[in-house]
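Secondary and tertiary structure notes
Chain by chain, the residues:
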Amino acid sequence: MFRFGEPIYIYLLLVLPVLVGLYLYSNHLRRKRLRAYGDPSLLARLMPDMSKFRPDVKFWLLVAALAMMAFMLARPQFGSKMETVKRQGIETVVALDISNSMLAQDVAPSRLDKSKKLLSRLIEKFNNDKVALIVFAGDAFTQLPITSDYVSAKMFLESIHPSLIATQGTDIRGAIDLAMKSFTPNEGVGRAIVLITDGENHEGGAVEAAQAAVQKGIRVFVLGVGSPDGSPIPAEGTNEFRRDKDGNVIVTRLNEEMCQEIAKAGNGMYVRVDNTNHAEKALNAEIGKLAKADVETQVFTEFDEQFQVLAWMALLLLVAEVLLLERKNPLFKNIKLFKQD
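Note that this is a predicted model, so its numbers are computed, not measured. (Residues numbered from 1 in each chain as written. Predicted model: local features only at pLDDT ≥ 70, side-chain atom pairs only at ≥ 80, totals over all residues. Heavy atoms only, no water.)

1. Quick word on the overall build of the chain
Looking only at helices and strands, one finds 11 helices and 11 strands in the chain. For the chain, the proportion of its 341 residues judged to be buried stands at 41%. Across the chain, the fraction of contacts at a sequence separation of at least 24, relative to all contacts at a separation of at least 6, is 81%. When the accessible surface of the chain is totalled, it reaches about 19,400 Å², and 57% of it is carbon and sulfur. (Helix = DSSP H or I, 4+ residues; strand = E, 2+ residues; numbered from the N terminus. Buried < 20%, exposed > 50% of the residue type's maximum accessible area, 1.4 Å probe, protein only. Contact = heavy atoms within 4.5 Å. Areas by Shrake-Rupley, 256 points an atom, 1.4 Å probe, with all protein chains shown as cover.)

This is the structure we're talking about:
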């Protein structure tokens, strides 16, 4: 794995095009002044010791040396090996409902967007923990396998949309079953399933699935998103709301009773997600109580500094620039005259 220890110095390379532009412009002005004095071919014979190409070579040697120094200051490094390290942490599998009802806006900006923001902040608070991401509607599938790569977790989180699953519904049981299979085999580590849903169109079997999770040492926390009073579902791309086959506006309601039953069966906690940060704080507090154990994580270690090679290259280029004279070498001139004799 390659990286720069001080990548900000890479921006010094932006100076080089400016130097090249100034040099080319200076050459243009110099040639223009020489043409004002007389014929360039005649002037070249009057200055036999002046080299036409050496000043350019010296300049490009200097540019190359400056480029090497910019890369040197940025401290290029190579990871010499991948190492498995053990850190104290927990494992959390998030199961996020992405059915169309999650587009309702009784929680701003919408049930789904509020859930994604909550999860993003939750992931930011993880430290040496592992997280997996499952999305579900009528079906459930793994969006991100369990990992300690929080950057990837947040990236996958941003791409979540109801269009990922064509089958509509709320198969909570399928989501919990899949979540139970997503944990690592590590023993003694605290495990939690965070279920985020509005609970509408529940297909049954969720309570039994939560009970099965408890038997495996997994706690199930449920975040209910939305309002029991209900809200219409926006039809994307229009200013209208979704309607049923009879033309009536569809109103989606949070099924709190069902969410509470699942949390109770899963030895967890139920919290309603509203327009405050109450749910986030409550969930963080409960997850923080889980037992932490050694969690194996693969990381690159022993980043070796590589700037020494660039330093030697820059030094050699500078030495070559200094030793290379703009005038032709008199020694070579004498050798040429000697051959003519």
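Additional details are given in the paragraphs that follow.
2. Quick notes on the pairing of strand β5 (residues 140-147)
Bridge analysis of strand β4 (residues 130-136) against β5 gives 5 bridges, and the strand direction is antiparallel. Bridge pairing in β5 links V131 to T147. Between β4 and the antiparallel strand that follows it, β5, lie 3 residues. (Pairing = 2+ DSSP bridges.)

3. Considerations on the confidence of the model for the chain
Across the chain, pLDDT averages 83, with 82% of residues at or above 70. The model gives residues 335-341 a pLDDT under 50, and that stretch makes 0 contacts with residues more than four places away or in other chains. (pLDDT = per-residue confidence, 0-100.)

4. Some remarks on the nonpolar core
With 35 residues, the main nonpolar core has L96, I160, I196, L223 and L283 as its most contacted residues. Secondary-structure elements contributing two or more residues to this core are β3 (91-97), α4 (111-124), β4, α5 (150-158), β6 (191-197), β7 (218-225), β10 (270-273) and α9 (278-287). Looking at this core element by element, the count peaks at 5 residues for α4. Apart from residues lying up to four places away in sequence, L283 is in contact with L118, L122, V194, F221, L223 and M269. One finds M180, I193, L254 and C259 within the second-largest nonpolar core, a separate group that totals 28 residues. (Core = buried A, V, L, I, M, F, W, Y, C linked by side-chain atoms within 4.5 Å.)

5. What about the pattern of salt bridges?
When the charged atoms of two side chains with opposite charge come close together, those side chains can pair. Applying the stated criterion to the full structure yields 11 salt bridges. For E321, the salt bridge identified is with K58, shortest N-O distance 3.2 Å. With E321 in helix α10 (residues 307-323) and K58 in helix α3 (residues 54-73), this residue pair connects regions lying 263 residues apart in the sequence. Pair check on accessibility: E321 and K58 agree, each one buried. Of the charged contacts in the structure, one is a salt bridge between R272 and E256, with a shortest N-O distance of 3.1 Å. Note that R272 is positioned in strand β10 and E256 in helix α8 (residues 256-265), a separation of 16 residues in sequence. Among the ionic contacts, a cluster of salt bridges with common partners joins D106, R111 and D198. (Salt bridge = Lys/Arg side-chain N within 4 Å of Asp/Glu carboxyl O.)

6. Focus: the packing of aromatic side chains
Considering all chains together, one arrives at 3 aromatic pairs under this definition. Seen in terms of ring centroids, Y23 and F59 are 3.8 Å apart; in terms of plane orientation they differ by 5°. Their pairing is stacked. With Y23 in helix α1 (residues 15-37) and F59 in helix α3, the pair connects residues that are 36 residues apart, well separated along the chain. The pair Y23 / F59 is uniform in exposure class, with both members buried. Look at F126 and Y150: their rings are 6.2 Å apart centre to centre, the planes differ by 50°, and that puts the pair in the tilted class. Of this pair, F126 sits in the loop between α4 and β4 while Y150 sits in helix α5; the two residues are 24 residues apart in sequence, bridging distant segments of the chain. (Phe/Tyr/Trp six-rings, centres within 6.5 Å; stacked < 30°, edge-to-face > 60°.)

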